[in-house]
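# Report on the structure
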Protein chains: 2
Amino acid sequence: MEAKRSEGGLKHVQVREYVRELVAGAAPGSAAPSERELVARFGVARMTVRQALDVLVTEGLLERVPGRGTFVAHPRRRVGRLSSYSEDMKVRGLLPESQTLVARREQAGPGVARALDISPGDAVIHWKRLRRADQQIICVEDAYLNEVLLPGFLQSGMPTSLYQALEDRGLRPTWAEDAISASAATEDEASLLEIAPGSPVLQLSRRALCGDKVVNVSRSAFRPDRFTMHVQLGEPS
Amino acid sequence: MEAKRSEGGLKHVQVREYVRELVAGAAPGSAAPSERELVARFGVARMTVRQALDVLVTEGLLERVPGRGTFVAHPRRRVGRLSSYSEDMKVRGLLPESQTLVARREQAGPGVARALDISPGDAVIHWKRLRRADQQIICVEDAYLNEVLLPGFLQSGMPTSLYQALEDRGLRPTWAEDAISASAATEDEASLLEIAPGSPVLQLSRRALCGDKVVNVSRSAFRPDRFTMHVQLGEPS
DNA sequence: CAGTGGTCTAGACCACCGA
DNA sequence: CGGTGGTCTAGACCACTGT
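What you are looking at is a predicted structure, and each value in this text was computed from that prediction instead of being measured.

The subject of this paragraph is the protein's contact with DNA strand D. Every one of the 28 residues lining DNA strand D counts as a neighbour, but Arg-46 of chain A together with Leu-10, Lys-11, Ala-45 and Thr-48 of chain B are closest to it. Here, DNA strand D places atoms within 4 Å of the protein, and 64% of those atoms are sugar or phosphate. For DNA strand D, a phosphate oxygen lies 2.9 Å from a polar atom in the backbone of Glu-35 of chain A. In this structure, Gln-51 of chain B approaches DNA strand D through a side-chain N or O atom, which is 3.4 Å from a phosphate oxygen.

This is the structure in structure tokens:
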């Protein structure tokens, strides 16, 4: 019984991850292993199993039904999860692609510096992309990344999904603050989006954080005829 | 040890509620009773105390700090609370007003019926308003309410804040599904918003629910020069 | 050092469910 | 009835924190 905090936990983590995998592809409503079954399988106390399952229940992955068992939870209304453009498009059944227009190291201007919570002049990565879904142009995005958090990012080849790349570095944003408005397309936006200058575009400014670190700020202009943003607010019932 | 499910729990509930009260008015960062202290006070096992505290930690009321103790949690970033236009404007320090353009009983069309989760032809309340903040025109909104849920709503005089009126009836929305886009102002929108036809407007379609009941669906067109929508997504860190 | 939370054990009785 | 989750006990050792 060597308890090591450095490994984040121990037995209950083993049990939890075992169940998590079992449950990953399972149909909602199907039965999860019973607590006593897991006790036997892992040779562990029931309180330990319960501790493992508690986490999954809190996450909304499992449901406990007294007297019957533990089951894969039915999909609940979830408060707006933070998803990336790529994930968003895949969920809609579209193929996300992006074409890099700019990818270079720059010095942060005052606005970007404030948003990234760094000092003006600090190094940032500026990544400008034209993004498509099923070949159709959807938006143009200017993203700025805190260079200090992402050493060698530009050298490692630009990924398709920014959030995936951040996740690989343990910096996947878990929180975003969005400002949403509309405006008339600038000349630049219009030509990139292949719409008439002055026609409406949906503007999204995002500040994405991982924990307390601002990893990414971006400003995107969407073609409103091809993109509607969906947001859920409030407490899941 | 009389375990009664009908009372919702037992000892751990006692402990939990005791701590909850203690913590209610306490300053963030101040110490909560230690686990062993609660064990002594309630003559209960430590696992029971932990079970009680687990709930409060999950709720975000308490924070555990290994080796130091349990503390009243610092106010956390909260996932976008559902606020009404009126509340939103007040938070920004502006005076919300609205001018009713239409307020009448109608039969639900197919789109409204589906959104309200009722049948086409069912009675709905249609309320169209021009909304201002500090006298400045901000948006025009078409709202539809499920008449069955709100008997006599039209007769009771139209309130300033729809959400307040719904709250008075115990139907304050706690969940909303928003679809956000941009479009060119129609003739009607343009003349009401006092902008040029064809200029960009921010479109917000909202489906507001209280529990499982859809109480209100609306479609608003905002002047983008005077309104930016702010949204927080993800898990509070 | 003493105190804290983190983890774990090996049992126990209860209420509830389905067969 | 046997199996399930819900609750609870009375201990235990660990890693970490502050003094």
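If you trace the seven strands from one edge of the open sheet to the other, you get S3(A)-S4(A)-S5(A)-S8(A)-S7(A)-S6(A)-S9(B), paired in antiparallel fashion. Bordering the open sheet on either side are strand S3 (96-107) of chain A together with strand S9 (229-234) of chain B, each of which pairs with just one other strand. On average, each strand axis in the sheet is inclined to that of its neighbour by 20°, with strand direction left out of account. Direction of pairing for strand S4 (residues 123-133) of chain A relative to strand S5 (residues 136-146) of chain A: antiparallel, over a ladder of ten bridges. Directly across from Ala-133 of chain A, in S5 of chain A, lies its bridge partner Gln-136 of chain A.

A few words on the protein's contact with DNA strand C. Taken together, 28 residues surround DNA strand C, and among them Leu-10, Lys-11, Ala-45 and Thr-48 of chain A together with Thr-70 of chain B come closest. Considering DNA strand C, the proportion of its atoms within 4 Å of the protein that are sugar or phosphate atoms stands at 64%. Residue His-12 of chain A places a side-chain N or O atom 3.1 Å away from a phosphate oxygen belonging to DNA strand C. Within the side chain of Arg-46 of chain A, a nitrogen or oxygen atom sits 3.5 Å from a base nitrogen of DNA strand C. Secondary-structure elements contributing two or more residues to the surface near DNA strand C are helix H1 (11-24) and helix H3 (46-58) of chain A together with helix H2 (35-42), helix H3 (46-58), strand S1 (62-65) and strand S2 (69-72) of chain B. A per-element tally of the surface near DNA strand C places H3 of chain A first, with four residues. Taken together, the residues of the surface near DNA strand C sort by class into nine nonpolar, eight polar and eleven charged.

This paragraph deals with the interface of chain A and chain B. The partner chain B presents 39 residues to the 39 residues of chain A that form the contact. Linking chain A to chain B there are zero salt bridges. Breaking the side of chain A that touches chain B down by element, the ones donating at least two residues are H3, strand S6 (175-184), strand S7 (200-210) and strand S9 (229-234) of chain A. At ten residues, S6 of chain A tops the list of elements feeding residues into the side of chain A that touches chain B. Residue classes in the side of chain A that touches chain B are distributed as 20 nonpolar, eleven polar and eight charged. The sheet contact formed by S9 of chain A and strand S6 (residues 175-184) of chain B spans six bridges and is antiparallel. Its bridge partner lying in S6 of chain B, His-230 of chain A is registered against Ala-179 of chain B.

Using the criterion set out here, one finds six aromatic pairs over all chains in the structure. Measuring from centroid to centroid gives 4.1 Å for Phe-222 of chain A and Phe-227 of chain A, while their planes differ by 15°, and the two rings are stacked. We classify Phe-222 of chain A as buried; its relative accessible area is 5%. Since its relative accessible area comes to 4%, Phe-227 of chain A is described here as buried. Judged by centre distance (6.2 Å) and plane angle (65°), the ring pair of Trp-127 of chain B and Phe-153 of chain B falls under edge-to-face. Here Trp-127 of chain B is found in strand S4 (residues 123-133), whereas its partner Phe-153 of chain B is found in the loop between strand S5 (136-146) and helix H6 (162-168), with 26 residues between them in sequence. A cation over an aromatic ring shows up here: Arg-129 of chain A above the ring of Trp-127 of chain A, its NZ or CZ 3.9 Å from the ring centre.

All names here are of chain A. Quantified by volume, the second largest pocket comes out at close to 690 Å³. Around the second largest pocket, the lining comprises 30 residues; the ones closest to its centre are Arg-81, Ser-83, Ser-84, Asp-88 and His-230. Of all the elements in the fold, those that place two or more residues in the lining of the second largest pocket are helix H4 (85-91), S4, helix H6 (162-168), S7, strand S8 (213-222) and S9. By residue number, the principal contributor to the lining of the second largest pocket is H4, which donates five residues. Its residues placed into classes, the lining of the second largest pocket shows eleven nonpolar, ten polar and nine charged.

Take Thr-70 of chain A: it is sitting in strand S2 (residues 69-72). Beyond its immediate chain neighbours, meaning those up to four positions away, Thr-70 of chain A contacts Ser-30, Ala-31, Ala-32, Leu-62, Glu-63 and Arg-64 of chain A.

Attention shifts here to the packing of H1 of chain A against helix H2 (residues 35-42) of chain A. Residues and elements named next belong to chain A. Relative to each other, H1 and H2 sit at 120°, their axes nearing to 11 Å. Comparing their axes, H2 and H1 come out oblique. For the pair H1 and H2, the crossing hand works out as right-handed. Between H1, through Gln-14, Val-15, Tyr-18 and Val-19, and H2, the contact on the second element is made entirely by Leu-38, Arg-41 and Phe-42. When its residues are assigned to classes, the contact of H1 with H2 shows five nonpolar, one polar and one charged.

Our focus in this paragraph is the sheet that holds strand S8 (residues 213-222) of chain B. The seven strands are arranged S9(A)-S6(B)-S7(B)-S8(B)-S5(B)-S4(B)-S3(B) in an open sheet whose pairing can be described as antiparallel. Edge positions in the open sheet fall to S9 of chain A together with strand S3 (96-107) of chain B, since each of these has one partner strand only. Taken pair by pair, the neighbouring strands of this sheet meet at an average axis angle of 20°, ignoring direction. Pairing of S5 of chain B with S8 of chain B, which is carried by seven bridges, proceeds in the antiparallel orientation.

So, on to the environment of Ser-86 of chain B. Residue and element names in this part refer to chain B. Relative to the helices and strands, Ser-86 resides in helix H4 (residues 85-91). Linking Ser-86 and Asp-225, residues 139 residues apart in sequence, is a C-alpha distance of 19 Å. Discounting residues that sit within four places of it in the chain, Ser-86 has contacts with Pro-96, Arg-131, Thr-160 and Ser-161.

About the criteria used
- In this numbering scheme, every chain counts its residues from 1 along its sequence in written order.
- Here every chain gets a letter starting at A, and every ligand a number starting at 1, in the order they are written.
- Side-chain atom pairs in this predicted model are given and counted only at pLDDT of 80 or more, local residue features only at pLDDT of at least 70, and totals for whole chains, interfaces and linings cover all residues.
- Calculated side-chain values reflect all of the structure's heavy atoms, with hydrogen atoms and water omitted.
- One heavy atom suffices: a residue is near a molecule or strand as soon as one of its heavy atoms comes within 4 Å of it.
- In protein, a polar contact means a hydrogen-donor-capable atom and an acceptor-capable atom, both N or O and within 3.5 Å, with residues adjacent in sequence counting only if both atoms are side-chain atoms; elsewhere, any N or O pair within 3.5 Å suffices.
- When DSSP finds at least two bridges between two strands, those strands are taken to pair.
- Helix and strand definitions here come from DSSP, where helices need a minimum of 4 consecutive H or I residues and strands a minimum of 2 consecutive E residues; each element is numbered from the N-terminal end.
- For every element, the axis is a line fit to its C-alpha atoms; helices are fit only across the contacting stretch, and the angle between N-to-C directions ranges from 0 to 180 degrees.
- In this classification, Asp, Glu, Lys and Arg are treated as charged, Ala, Val, Leu, Ile, Met, Phe, Trp, Tyr, Cys and Pro as nonpolar, and every other residue, Gly included, as polar.
- By the convention used here, residues are in contact when the closest approach between their heavy atoms is within 4.5 Å.
- A pairing counts as a salt bridge when a side-chain nitrogen of Lys or Arg comes within 4 Å of a carboxyl oxygen of Asp or Glu.
- Note on ring pairs: Phe, Tyr and Trp rings are taken, using the six-membered ring of Trp, and paired if centres are within 6.5 Å. Classes follow the plane angle, with under 30 degrees stacked, over 60 edge-to-face and the rest tilted.
- Remark: exposure states derive from per-residue accessible area (1.4 Å probe, protein chains only) relative to the maximum for the residue type, with buried under 20%, exposed over 50%, and partly exposed in between.
- Counted as over-ring charges are cases with an Arg CZ or a Lys NZ within 6 Å of the ring centre that also lie within 35 degrees of the ring normal.
- Using only the protein atoms, space was sampled on a 1 Å grid; points where a 1.4 Å probe fits but cannot get out form cavities, open sets with protein on both sides within 12 Å along at least five of seven lines form pockets, and lining residues are those with an atom within 4 Å of a point.
- Grid points are joined across faces, edges and corners, and a volume is the space filled by probe spheres set on the points.
- Here is the rule for angles: anything less than 35 degrees is roughly parallel, anything more than 145 is roughly antiparallel, 65 through 115 is roughly perpendicular, and the remaining ranges are oblique.
- By convention the crossing between two helices is left-handed if the near helix lies anticlockwise of the far one by an angle smaller than a right angle, and right-handed if it lies clockwise.

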